[in-house]
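Each chain is listed here by its residues.
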Amino acid sequence: IDDLRRMYDLFTRVPHTLECLREAVCEHVKRTGRELVSDQERIKDPVEFVKGLLQMRDKYDRVVSDAFRAEKKAQKKLKEAFEDFINADSRCASYLVLYIHELLQSSLKAYSEEDADRELDKVIVIFRYLQDKDIFENFYKQHLAKRLLSGRSLSDEAERSMIAKLKHECGYQFTSKLEGMFMDMKVSNDTQESFRLALGGSSKVDGIELAVNVLTTGFWPTQVGAKCTLPPQIARCCEVFKETYLKMHSGRRLTWQTNMGTADLKAVFKS
């Protein structure tokens, strides 16, 4: 860094030569980036790939901020270099989502609130380089749905923080569905409580415990699952829920997405 800073200061005396220096950095970052994107071992593991990307970003950001005295034109060149190789491979968007999924599902556990926020900020820096943000949004929606429906998210606070950062970058339109998914989960908790009270303080129908998330069509990624024939006892549970729900909200239509649900079965066998 010190050598590069001296070099930069020397080139500053003949200002038009600085462009050569910026170009050299830009080409070097592109080359290193392409090597990272084509590294077969790294590309097999999305989380490791994004970690490599973040380390690379930290390294060259330091070069520009410390050695090139945070010069605006050099920062712009660095941005161009990252955009060049990140957008050359469409997998980068999905890998970034998988890295965030890993963070919000388990990795952030080890971080303090401030450090967690810093980690998410680093991810946003890479997100800015993506040109096709629709691919990112679709993947993000799918993984957020998995976290919310399986209850595997580490903290609502971190999830909301991430959505707020995306909203700040891309505006309300980009995150409206993601926020709608959160809203649905909150309303579902209230609906579940109303259902419990309607059944006299228990969520059990004929001994079967039923927990339902009511999701708004349009917010959630829809998957058409294979037709599922429910056992009569479960079908009865669904009917009871439907009747209770439609008494509270007339004029709505419920469609069961069995492929997005889970069931726990307890069995007692003879010795």
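Coordinates for the structure precede this section.
Since the model is a prediction, treat every value here as computed from it, not as a measurement. Counting of residues starts from 1 at the beginning of each chain's written sequence and follows it residue by residue. Owing to the predicted nature of the model, reporting of local features is limited to residues with pLDDT of at least 70; listing and counting of side-chain atom pairs is limited to 80 or more, with chain, interface and lining totals taken over all residues. Only hydrogens and water are set aside when side-chain values are computed; all heavy atoms of the structure are taken into account.

Here's the deal with the overall build of the protein chain
Next, step 1: The helix and strand inventory of the protein chain stands at 11 helices and 2 strands.
Next, step 2: Put simply, DSSP H or I for four residues or longer makes a helix, DSSP E for two residues or longer makes a strand, and each gets a number counted from the N terminus. What you see in the protein chain, going N to C, is helices and strands ordered as α-α-α-α-α-α-α-α-α-α-β-β-α.
Next, step 3: Each of the three principal axes of the protein chain carries a C-alpha extent, and together these read 85 × 45 × 35 Å.
Next, step 4: Residue burial is assigned from relative accessible area. The probe radius is 1.4 Å, only protein chains are included, and a residue is buried under 20% of its type maximum, exposed over 50%, and partly exposed in between. Sorting the 271 residues of the protein chain into buried and exposed places 38% on the buried side.
Next, step 5: Across the protein chain, every contact between residues at least 6 apart in sequence was considered, and the portion connecting residues at least 24 apart equals 72%.
Next, step 6: By element, 51% of the accessible surface of the protein chain is carried by carbon and sulfur atoms, the whole surface being about 16,700 Å².
Next, step 7: Under the counting rule used here, the positive set is Lys and Arg, the negative set is Asp and Glu, and His together with the chain ends is not counted. We put the charge of a Lys on NZ, of an Arg on CZ, of an Asp on CG and of a Glu on CD. Across the protein chain, the mean location of the 44 positive side-chain charges is 2 Å away from that of the 42 negative side-chain charges. By definition, residues are in contact when any of their heavy atoms lie within 4.5 Å. Methods summary: accessible areas were calculated by the Shrake-Rupley approach with a probe of 1.4 Å, and residue burial reflects only the protein chains presented.

Side note on the pattern of salt bridges
Next, step 1: Salt bridges, as used here, are contacts in which a Lys or Arg side-chain nitrogen is within 4 Å of a carboxyl oxygen on Asp or Glu. Summed over the entire model, instances satisfying the criterion amount to 27 salt bridges.
Next, step 2: We note a salt bridge from Glu19 to Arg22, for which the minimum N-O separation is 2.6 Å. You can see Glu19 and its partner Arg22 sitting in helix H2 (residues 18-38), 3 residues apart, about one turn around the helix.
Next, step 3: If you follow the salt bridges from partner to partner, you end up with Glu19, Arg22, Glu23, Glu71, Lys76, Lys77 and Glu80 in one network.

Digging into the packing of aromatic side chains
Next, step 1: A pair of aromatic rings is counted whenever rings of Phe, Tyr or Trp (Trp by its six-membered ring) have centres within 6.5 Å, and the orientation is called stacked for planes under 30 degrees apart, edge-to-face for over 60 and tilted otherwise. By the definition in use, this model includes 10 aromatic pairs.
Next, step 2: Aromatic pair Tyr8 and Phe68: ring centres 5.3 Å apart, planes at 15°, arrangement stacked. Highlighted residues: Tyr8 in helix H1 (residues 2-12) and Phe68 in the loop between helix H4 (46-67) and helix H5 (72-86), separated in sequence by 60 residues. Just as Tyr8 is buried, Phe68 falls in that class too.
Next, step 3: Arranged with centres 5.9 Å apart and planes meeting at 55°, the rings of Phe127 and Phe174 form a pair that is tilted.

Quick word on the nonpolar core
Next, step 1: Among buried residues, the Ala, Val, Leu, Ile, Met, Phe, Trp, Tyr and Cys ones that are joined through side-chain atoms within 4.5 Å form a nonpolar core. Ranked by internal contacts, the top residues of the largest apolar core, which has 60 residues, are Phe136 and Tyr140.
Next, step 2: Every element with two or more residues in this core is listed here: H2, H4, H5, helix H6 (91-105), helix H7 (113-129), helix H8 (133-150), helix H9 (156-170) and helix H10 (172-198).
Next, step 3: With 10 residues, H4 is the largest single contributor of residues to this core.
Next, step 4: When near neighbours in sequence (up to four residues on either side) are disregarded, Phe136 contacts Ala93, Leu96, Val97, Ile100, Phe127, Leu130, Leu166 and Phe174.

Description of the packing of H8 against H9
Next, step 1: One can describe the packing of H8 onto H9 by two numbers: an axis separation of 13 Å at closest approach and a directional angle of 165°. Classed by the angle they form, the pair H8 and H9 counts as roughly antiparallel. For the pair H8 and H9, the crossing hand works out as left-handed. Touching Lys133, Phe136, Tyr140, Leu144 and Arg147 of H8 are Glu159, Met162, Ile163, Leu166 and Cys170, all from H9.
Next, step 2: All residues other than Ala, Val, Leu, Ile, Met, Phe, Trp, Tyr, Cys, Pro, Asp, Glu, Lys and Arg, Gly among them, are scored as polar; the first ten of these are nonpolar and the last four charged. Considered class by class, the residues forming the contact of H8 with H9 number 7 nonpolar, no polar and 3 charged. An axis is simply a line fitted to the C-alpha atoms; with a helix, the fit covers only the stretch in contact. Between two such axes, the angle follows the N-to-C directions and lies from 0 to 180 degrees. Note on angle classes: values under 35 degrees are labelled roughly parallel, values over 145 roughly antiparallel, values of 65 to 115 roughly perpendicular, and the remainder oblique. Take the far helix as your reference; a near helix turned counterclockwise from it by less than a right angle gives a left-handed crossing, and one turned clockwise gives a right-handed crossing.

Notes on the packing of H6 against H7
Next, step 1: Packing of H6 against H7 brings their axes to within 11 Å, and their N-to-C directions diverge by 170°. If you check the angle between H6 and H7, you find them roughly antiparallel. Contacts between H6 and H7 pair Leu96, Tyr99, Ile100, Leu103 and Leu104 from the former with Glu119, Leu120, Val123, Ile126 and Phe127 from the latter.
Next, step 2: Its residues placed into classes, the contact of H6 with H7 shows 9 nonpolar, no polar and 1 charged.

Examining the state of the cysteines
Next, step 1: Disulfides are defined in this document as cysteine sulfur pairs within 2.5 Å. The tally for this structure, following the rule as stated, stands at 0 disulfides.
Next, step 2: Cys26 supplies the cysteine sulfur nearest to Cys20, a cysteine that is in no disulfide, at a spacing of 13 Å.
Next, step 3: The thiol of Cys92 is not disulfide-bonded; the next cysteine sulfur, from Cys26, is found 17 Å away.
Next, step 4: Judged by relative accessible area, Cys92 falls into the buried class, the value being 6%.

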